[in-house]
Amino acid sequence: MLENYYRELVCFLNAKLSNRQVAEDVVHDAYVRVLERSSDTPIEQPRAFLYRTALNLVIDGHRRNALRQVEPLDVLDSEERFAASTPHTSHDHSLRLELLERALAELPAVCRDSFLLRKLDGLTHVQIAERLGISRSLVEKHIVNAMKHCRVRMREWDAH
C-alpha cells in the first residue's frame with residue numbers, strides 16, 4: 001500500500017527542495033520512520049501520514065542545519081554521538097549489524113543489491129536501474145521491500 005506513494009512523494013519533495021537526491025533520501029527516511037512505528041493502531045490515511053512524516057523530516061533537517069551553522073565546533077565534538085562508545089554499545093551495534101546482514105542475505109540478489117547500492121554507495125535510482133538493467137520503478141520497489149523485510153526481521157529477532 002505505502003509503496004504506491006513513493007514516486008509521487010519524491011516528485012513532491014523534489015519540487016519543494018529542488019534536489020532529487022535529497023528528496024529521495026527524505027522519502028527513504030520517511031518510509032523507515034513509518035515502518036518503524038511502534039503503535040499497533042492502523043494508519044487510517046497512509047498517504048497523508050507518509051506526507052506528514054516526510055515534511056516533518058524536512059523541517060527537522062532545516063532546523064538542525066540552522067542550529068549547526070551557529071554552534072561552535074567544540075560543542076559538536078562534545079556531543080554524545082561523537083563520544084567514544086562503551087564496550088556494551090559497541091557490542092550491541094555489532095550484533096545489530098550482524099542481524100541486519102542476515103536479514104539482507106535472505107533477500108533476492110537484485111533486491112539486496114538495489115538497497116545496498118542506494119544506502120551504501122549512494123547511487124541514484126536511475127544509476128541503480130542502469131547498473132542492474134531494470135526499471136527505475138522496480139529499483140524503488142526493491143528498496144522499499146528491502147527496508148520492510150529488514151524492519152520485520154529485526155523486530156522478530158528483537159522479540160526473542
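For the structure itself, look to the data block above.
Residues numbered from 1 in each chain as written. Predicted model: local features only at pLDDT ≥ 70, side-chain atom pairs only at ≥ 80, totals over all residues. Heavy atoms only, no water.

K.L.:
Before we go on, may I ask you to explain the pattern of salt bridges in this structure?
P.N.:
When the charged atoms of two side chains lie near each other, side chains of opposite charge can form a pair. All told, the structure shown has eight salt bridges when counted by the stated rule. Of the charged contacts in the structure, one is a salt bridge between Asp25 and Arg118, with a shortest N-O distance of 2.3 Å. Of the two residues, Asp25 is situated in helix α2 (residues 20-36) and Arg118 in helix α6 (residues 109-119); the sequence distance between them amounts to 93 residues. We note a salt bridge from Arg136 to Glu140, for which the minimum N-O separation is 3.4 Å. With a gap of four residues between them, Arg136 and Glu140 both fall in helix α8 (residues 136-159), about one helical turn apart. Owing to a relative accessible area of 5%, Glu140 belongs among the buried residues under this scheme. Ionic contacts of the salt-bridge type, sharing partners, join the residues Arg20, Glu24, Asp25 and Arg118 into one network. (Salt bridge = Lys/Arg side-chain N within 4 Å of Asp/Glu carboxyl O. Helix = DSSP H or I, 4+ residues; strand = E, 2+ residues; numbered from the N terminus. Buried < 20%, exposed > 50% of the residue type's maximum accessible area, 1.4 Å probe, protein only.)

K.L.:
Looking at this structure, how should I read the packing of α6 against α8?
P.N.:
Helix packing for two helices is described by the angle between their axes and how far apart those axes are. Interaxial distance between α6 and α8 falls to 8 Å at its minimum, and their mutual angle equals 90°. With respect to α8, the element α6 is oriented roughly perpendicular. Note on element contacts: α8 touches α6 through Val139, His142, Ile143, Asn145, Ala146 and Met147, opposite Val110, Cys111, Ser114, Phe115, Arg118 and Lys119. (Axes fitted to C-alpha atoms, helices over the stretch in contact; angles between N-to-C directions. Parallel < 35°, antiparallel > 145°, perpendicular 65-115°, else oblique. Contact = heavy atoms within 4.5 Å.)

K.L.:
Explanation requested: the nonpolar core in the structure shown.
P.N.:
Leu9, Leu13, Val27, Tyr31, Leu50 and Met147 are the most contacted members of the largest nonpolar core, which totals 36 residues. The set of elements that each furnish at least two residues to this core consists of α1 (6-17), α2, α3 (46-70), α5 (87-105), α6, α7 (125-132) and α8. Setting aside chain neighbours within four positions, we find Met147 in contact with His28, Tyr31, Val32, Leu35, Phe115 and Lys119. (Core = buried A, V, L, I, M, F, W, Y, C linked by side-chain atoms within 4.5 Å.)

K.L.:
I would appreciate a short explanation of α7 in the present structure.
P.N.:
Side chains of residues three or four places apart in an α-helix project in the same direction, reflecting 3.6 residues per turn. Within α7 the residues assigned to the buried category are His125, Ile128 and Ala129. Viewed end-on, α7 has its buried residues packed into an arc of 100°, placing them on one side of the element. The exposed residues of α7 that point more than 90 degrees off its buried face are Glu130 and Arg131. Of the surrounding elements, those touching the buried residues of α7 are α1, α2, α6 and α8. Looking one or two places after α7, you find Gly133, whose phi comes out positive at around 70°. (Arc of directions from axis to C-beta.)

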